[in-house]
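Listed below are the residues making up each chain.
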Amino acid sequence: MTKPPQAGSEDATAGVRSIPEASVARLAVYLRKLGELAEEGAETVSSDELAGATGVNPAKLRKDLSYIGSYGIRGVGYEVAALVHQLERTLGLNHRQAVALVGIGNLGHALAGYGGFGGRGFPVAALFDVDPDLVGIHINGILVEHVREIPQVCADRGVTIGMIATPAQVAQSVCDLLVEAGVRCILNFAPVVLQVPGEVEVRKVDLAVELQILAFHVARKNVAAAEVPPATNGHAVNGSEGLLR
């Protein structure tokens, strides 16, 4: 593992690859909570407070933050504004991350209409579909363009992240167009594994799989509850009074 970027480094994003992926995911959670604390006027936060607010172990939080060269001050904790700055720089949020969304079906339309992306540093810069009823309309002020325009439009608008919310059978061809446009990071909602060059990062979001995982936990809890014998409080249960004497 290479040495993480230190506080004050001008290129903290170079150290992101040396941070474990699980820690990167938690850094994003810390940043979201710190943003809320900053809006509330908080100037400092202890590791215990931040860990409790984000649902992690304090020791794990301190380890995560050590990757970005932030160790806090004993008795004071972390300066909220400074830590926000460090996290934004490490996560690449100090640069514009223009997003293109392909597929304006039910899910895609909801994503396109969500105004929170821009506020988090991910402005949606382009929308694409093939449906003639959708191409040419505006969603949140953005024109929906035909998929064939992906290479030119994404290159012109400096798109860095592509979101795919198309049917599975066309997701790969859409992915190829995004890669052709120079997009190197893709968030895939389609239920298919995309084939991409080694330099392209793909994150897959499969809502059905997530629901199946939750169903597993529900089933496990039900089995555990069924295995717990009912409290008897000294009374016979199911004809067992002879055993209680």
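Our subject is the structure listed above.
As a starting point, this report considers the structure included with it. (Residues numbered from 1 in each chain as written. Predicted model: local features only at pLDDT ≥ 70, side-chain atom pairs only at ≥ 80, totals over all residues. Heavy atoms only, no water.)

**What to know about the pairing of strand 6 (residues 142-146)**
And then number 1: By the bridge criterion, three bridges tie strand 4 (residues 124-129) to strand 6 in an arrangement that is parallel. Looking at strand 6, one finds that Leu-127 is bridged to Val-144.
And then number 2: Relative to strand 6, strand 5 (residues 138-139) runs antiparallel, the two being bridged by two bridges. Within strand 6, the residue paired with His-138 across the bridge is Leu-143.
And then number 3: Hairpin connection between strand 5 and strand 6: a loop of two residues separates the two successive antiparallel strands, and Asn-140 in this loop has a positive phi of roughly 55°. (Pairing = 2+ DSSP bridges. Helix = DSSP H or I, 4+ residues; strand = E, 2+ residues; numbered from the N terminus.)

**Here we look at the sheet that holds strand 5**
And then number 1: The seven strands lie next to each other as 5-6-4-3-7-8-9, forming an open sheet whose pairing is mixed. Only two strands of the sheet have a single partner each, and these edge strands are strand 5 and strand 9 (201-204).
And then number 2: Where strand 8 (residues 185-188) lies against strand 9, four bridges are found, and the strand directions are parallel. Across the sheet, Cys-185 pairs through a bridge with Glu-201, a residue of strand 9.
And then number 3: The strands touched by helix 8 (residues 168-180) within the sheet are strand 3 (98-102), strand 7 (159-164) and strand 8, with strand 7 carrying the most contacts at an inclination of about 175°. (Contact = heavy atoms within 4.5 Å. Axes fitted to C-alpha atoms, helices over the stretch in contact; angles between N-to-C directions.)

**Brief notes about the side chain of Thr-90**
And then number 1: Locating Thr-90 in the fold gives a position in helix 4 (residues 80-90).
And then number 2: Owing to a relative accessible area of 3%, Thr-90 belongs among the buried residues under this scheme.
And then number 3: Of note is the side chain of Thr-90, whose polar atom sits 2.9 Å from the backbone oxygen of Gln-86. (Buried < 20%, exposed > 50% of the residue type's maximum accessible area, 1.4 Å probe, protein only. Polar contact = N/O pair within 3.5 Å; in protein donor to acceptor, adjacent residues only side chain to side chain.)

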